[in-house]
Amino acid sequence: MAMIALFAQGYSVPFANASDLLSGYLQATDTQQFLTCDSKNCRFTDNQNEALSFKRETGHDGQYKFVTGDRCLDREHCHSSTSNARLSDCNHCGSYHWQLLPDGKLAEDGGANCIINDGSIKHCSDSFQPVAFYEVTPPFNPPKGSWKHAGYVASGTLSNTFEWGTSSADTHALTSTWAESLTASFKEGVIFESAKISATVSTSIANMMSTTFTQETSTTCKVTCPAQAGKPFIFLFQWLTESTHVGEAPSQVTEAKSCNYMCIYQEHDGQPTPKCPLTCCYDVDCQTCTSECYE
């Protein structure tokens, strides 16, 4: 069989330090959930699409307001030991005495009252949910996929290693939330040789590469292509993708090198070129694609 898929275990990197940010989502640093609020309550959610983007602005008495749209994060009961958090008028007494402290406390009234893990407010001495600003980055464009030549032998078994993982300059690269955004862009349709792959196949590729998106490119993938009688020339190819953000310079590339590879065998020398993307090869030499590959 021409294509052999290997799956390596990825891992989540520690939460990126965003202490210098003054706007973005407010994210729990331990659970990576996002703060979202309405006019009655706040809560933490796994869904980034529900997250609110806040901006820190000048409040009263050397403290701050956390503004989203024309409303502010607010402690409804300003003089109680506990309260709900909500979105409200930016002139309410519970809206303009906030701070985001170095230890992650999102605290109101001189650092005395903190957001806790259910989105409500208690005395900070009792409990607090550590949070940090999470930079709001543009979504990814559909990725471009390709096969990279990764090895060759003229006879015998081909044994090789190559790097796998993802490299990106994004602040939160390799975190699970960031990886979800990258995965979502695959489902819009991967581009291969200037043609868009079907949504079904693109989703399958994203699933196969899921561990790659949280893995640094510091780990090697071990590959073996066994010798095959009558076809001594073996060519090894590695699947990779390149992604850019909507509206950003094309030079800012996120590259994901997977541990998915292909061994192509030939009777004679002369490097072949795989003509189909990952999961789409109909024949062992990957010169014909499956019917469901493209839209």
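These figures come from a predicted structure and were not determined experimentally.

Caption draft 1: Representation of the overall build of the protein chain within the structure. Within the protein chain, the secondary structure is distributed over two helices and 20 strands. When the backbone C-alpha atoms are referred to their principal axes, the protein chain occupies close to 85 × 35 × 30 Å. Here the protein chain holds 295 residues, and 47% of them are scored as buried. Restricting the contact set of the protein chain to residue pairs at least 6 apart, pairs at least 24 apart contribute 66%. As displayed, the protein chain offers around 14000 Å² of accessible surface, 47% of which is attributable to carbon and sulfur atoms.

Caption draft 2: Spotlight on helix 2 (residues 199-208). Those residues of helix 2 that fall on the buried side of the exposure criterion are V201, S202, I205, A206 and M208. Looking straight down helix 2, one finds that the buried residues subtend no more than 165° of arc, so they occupy a single side.

Caption draft 3: Up close: unusual backbone geometry. In this model, Q32 sits at a positive phi of 65°, which is unusual for a non-glycine residue. On the secondary structure map, Q32 appears in the loop between strand 2 (23-28) and strand 3 (34-37). For C286, which is not glycine, the phi dihedral falls at a positive 55°. One can find C286 in the segment after strand 20 (254-266). Looking at C286, the relative accessible area reads 0%, which means it is buried.

Caption draft 4: Inspection of the nonpolar core at higher detail. Core analysis: the biggest nonpolar cluster contains 34 residues, and W178, F186 and I205 have the highest contact counts within it. When residues of this core are traced back to their parent elements, those giving at least two are helix 1 (176-186), helix 2, strand 19 (233-243) and strand 20. Those residues within four positions of I205 in sequence are excluded, and the remaining contacts are F186, I197, W239, L278 and T279. Membership of the second largest hydrophobic core comes to 18 residues, among which are L26, L73, A85 and F133.

Caption draft 5: Broad picture of the pattern of salt bridges. What the rule picks out here adds up to six salt bridges. Between R75 and E108 there is a salt bridge, and its shortest N-O distance comes to 2.8 Å. Remark: E108 occurs in strand 10 (residues 106-108) and R75 occurs in strand 7 (residues 71-75); sequence separation between them is 33 residues. For the pair R75 and E108, a shared accessibility class is recorded, and that class is buried. Across the pair K105 and D103 runs a salt bridge whose closest N-O atoms are separated by 2.3 Å. A relative accessible area of 41% means that D103 is categorised as partly exposed. Here the salt bridges share partners, and the residues they tie into one network are D74, E76 and R86.

Caption draft 6: Inspection of the pairing of strand 4 (residues 42-45) at higher detail. Across four bridges, the pairing between strand 3 and strand 4 is antiparallel. From the neighbouring strand, L35 faces strand 4, where its bridge partner is F44. What sits between the antiparallel neighbours strand 3 and strand 4 is a turn of four residues.

Caption draft 7: Fine view of the packing of aromatic side chains. If you walk through the whole model with that rule in mind, you get nine aromatic pairs. When the ring of F34 is compared with that of Y134, the centres are 5.5 Å apart and the planes differ by 90°; the resulting orientation is edge-to-face. Of the two residues, F34 is situated in strand 3 and Y134 in strand 13 (residues 131-134); the sequence distance between them amounts to 100 residues. Taking the centre distance of 5.8 Å and the plane angle of 85° together, the rings of F140 and W178 count as edge-to-face. With a gap of 38 residues between them, F140 in the loop between strand 13 and strand 14 (144-153) and W178 in helix 1 connect regions that are remote in the sequence.

Caption draft 8: Region of the structure containing the environment of L26. Note on placement: L26 falls in strand 2. Measuring from C-alpha to C-alpha, the distance between L26 and F133 comes to 4.8 Å, with 107 residues separating the pair along the chain. Discounting chain neighbours no more than four positions away, the residues touching L26 are Q33, F34, L35, L52, F54, F66, L100, L106, A132 and F133.

Caption draft 9: Highlighting the state of the cysteines. Tallying each qualifying case throughout the model produces nine disulfides. Here C37 engages in a disulfide with C42; their sulfurs sit 2.0 Å apart. Taking the sign of the torsion about the S-S bond as the criterion, the disulfide between C37 and C42, at about 105°, is right-handed. The burial state of C37 is the same as that of C42; both residues are buried. Shown here is the disulfide that connects C72 with C90, its sulfur atoms set 2.1 Å apart. One disulfide, between C72 and C90, carries an S-S torsion of 100° and so falls in the right-handed class.

What counts, and where the lines are drawn
Residues numbered from 1 in each chain as written. Predicted model: local features only at pLDDT ≥ 70, side-chain atom pairs only at ≥ 80, totals over all residues. Heavy atoms only, no water. Helix = DSSP H or I, 4+ residues; strand = E, 2+ residues; numbered from the N terminus. Buried < 20%, exposed > 50% of the residue type's maximum accessible area, 1.4 Å probe, protein only. Contact = heavy atoms within 4.5 Å. Areas by Shrake-Rupley, 256 points an atom, 1.4 Å probe, with all protein chains shown as cover. Arc of directions from axis to C-beta. Core = buried A, V, L, I, M, F, W, Y, C linked by side-chain atoms within 4.5 Å. Salt bridge = Lys/Arg side-chain N within 4 Å of Asp/Glu carboxyl O. Pairing = 2+ DSSP bridges. Phe/Tyr/Trp six-rings, centres within 6.5 Å; stacked < 30°, edge-to-face > 60°. Disulfide = S-S within 2.5 Å.

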